[in-house]
Amino acid sequence: MSLDPKIAARLKRNSDGLVCAVAQQRGTGEVLMVAWMNDEALDLTLTTRKGTYFSRSRQRLWVKGETSGHIQHVHEVRLDCDGDTVLLIVDQEGAACHTGDHTCFDADVLLTD
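Residues numbered from 1 in each chain as written. Predicted model: local features only at pLDDT ≥ 70, side-chain atom pairs only at ≥ 80, totals over all residues. Heavy atoms only, no water.

(A) Expanded view of the nonpolar core. L32, M33, M37, L42, Y53, V86 and L88 are the most contacted members of the largest nonpolar core, which totals 19 residues. Tallying contributions element by element places strand β2 (residues 31-37) first for this core, with four residues. Those residues in contact with M33 that sit more than four places away from it in its chain are A21, V22, A23, Y53, W62, K64, Q72, A96, C104 and F105. (Core = buried A, V, L, I, M, F, W, Y, C linked by side-chain atoms within 4.5 Å. Buried < 20%, exposed > 50% of the residue type's maximum accessible area, 1.4 Å probe, protein only. Helix = DSSP H or I, 4+ residues; strand = E, 2+ residues; numbered from the N terminus. Contact = heavy atoms within 4.5 Å.)

Structure, rendered in structure tokens:
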């Protein structure tokens, strides 16, 4: 498999060849997590409809939930206007955060109304 050249040409990758990926809960719009994708991870996500990312710490691909069972069913993938961020609209099974929280943004609220 390889990423469609038309999509690949639109991506603006960082110096490590990665683009930012934001996972958002379908229906509620809740931001679940932020991760990174290389071309292979994006291609696998588009092909399998499973949230697939590149782990910078492990230096390898990982499918969300491959060990925890907290998988992401991907319903929609969007590229932002600059080509440097991918938005995944997902149905999240279980916790999205590796800490066990529902989202990676549950722990520290810095400002609220």
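Here the narrative resumes, following the displayed structure.
(B) Region of the structure containing the side chain of K64. Structurally, K64 is set in the loop between β4 (60-63) and β5 (72-79). Of the side chains bearing the opposite charge, E66 lies closest to the buried K64, which forms no salt bridge; the N-O distance is 9.9 Å. Looking at K64, its side chain comes within polar contact range of the main-chain oxygen of A96, at 2.5 Å. Those residues in contact with K64 that sit more than four places away from it in its chain are M33, G51, Y53, H70, I71, Q72, Q92, A95, A96 and C97. (Lys, Arg positive; Asp, Glu negative; His and termini not counted. Salt bridge = Lys/Arg side-chain N within 4 Å of Asp/Glu carboxyl O. Polar contact = N/O pair within 3.5 Å; in protein donor to acceptor, adjacent residues only side chain to side chain.)

(C) Expanded view of helix α2 (residues 39-48). Taken as a whole, α2 has its buried residues at A41, L42, D43, L44 and T45. Buried residues belonging to α2 abut α1 (5-10), β2, β3 (52-55), β4, β5 and β6 (85-92). The N-capping residue of α2, defined by a side-chain oxygen 3.2 Å from the backbone nitrogen of E40, is N38. R49 lies just past α2 and shows a positive phi near 65 degrees.

(D) Spotlight on the packing of aromatic side chains. A full pass over the atoms with the stated rule returns one aromatic pair. When the ring of Y53 is compared with that of W62, the centres are 5.2 Å apart and the planes differ by 40 degrees; the resulting orientation is tilted. Taking the relative accessible area as the measure of exposure, Y53 reaches 1% and is therefore buried. Look at W62 and you get buried, because its relative accessible area is 15%. (Phe/Tyr/Trp six-rings, centres within 6.5 Å; stacked < 30°, edge-to-face > 60°.)

(E) Structural detail: the UniProt feature "binding site: Zn(2+)" (unreviewed entry) in the chain. Summarizing the sequence annotation, UniProt attributes the feature "binding site: Zn(2+)" (unreviewed entry) to C81, C97 and C104 in the numbering used throughout. Spatial dispersion of the annotated residues is evident: they stretch over 24 residues in sequence, and the largest pairwise C-alpha distance comes to 26.9 Å. If we skip the residues at most four places from it in the chain, C97 touches K64, H102, T103 and C104. Within the secondary structure layout, C104 lies in the segment after β6. (UniProt positions renumbered as here; feature names shortened; annotations may be inferred.)

(F) Inspection of unusual backbone geometry at higher detail. Positive phi is not limited to glycine here, since R49 has a value of about 65 degrees. The topology assignment puts R49 in the loop between α2 and β3. Although it is not a glycine, Q59 sits at a positive phi angle of roughly 55 degrees. Position of Q59 relative to the elements: it lies in the loop between β3 and β4. We classify Q59 as exposed; its relative accessible area is 55%.

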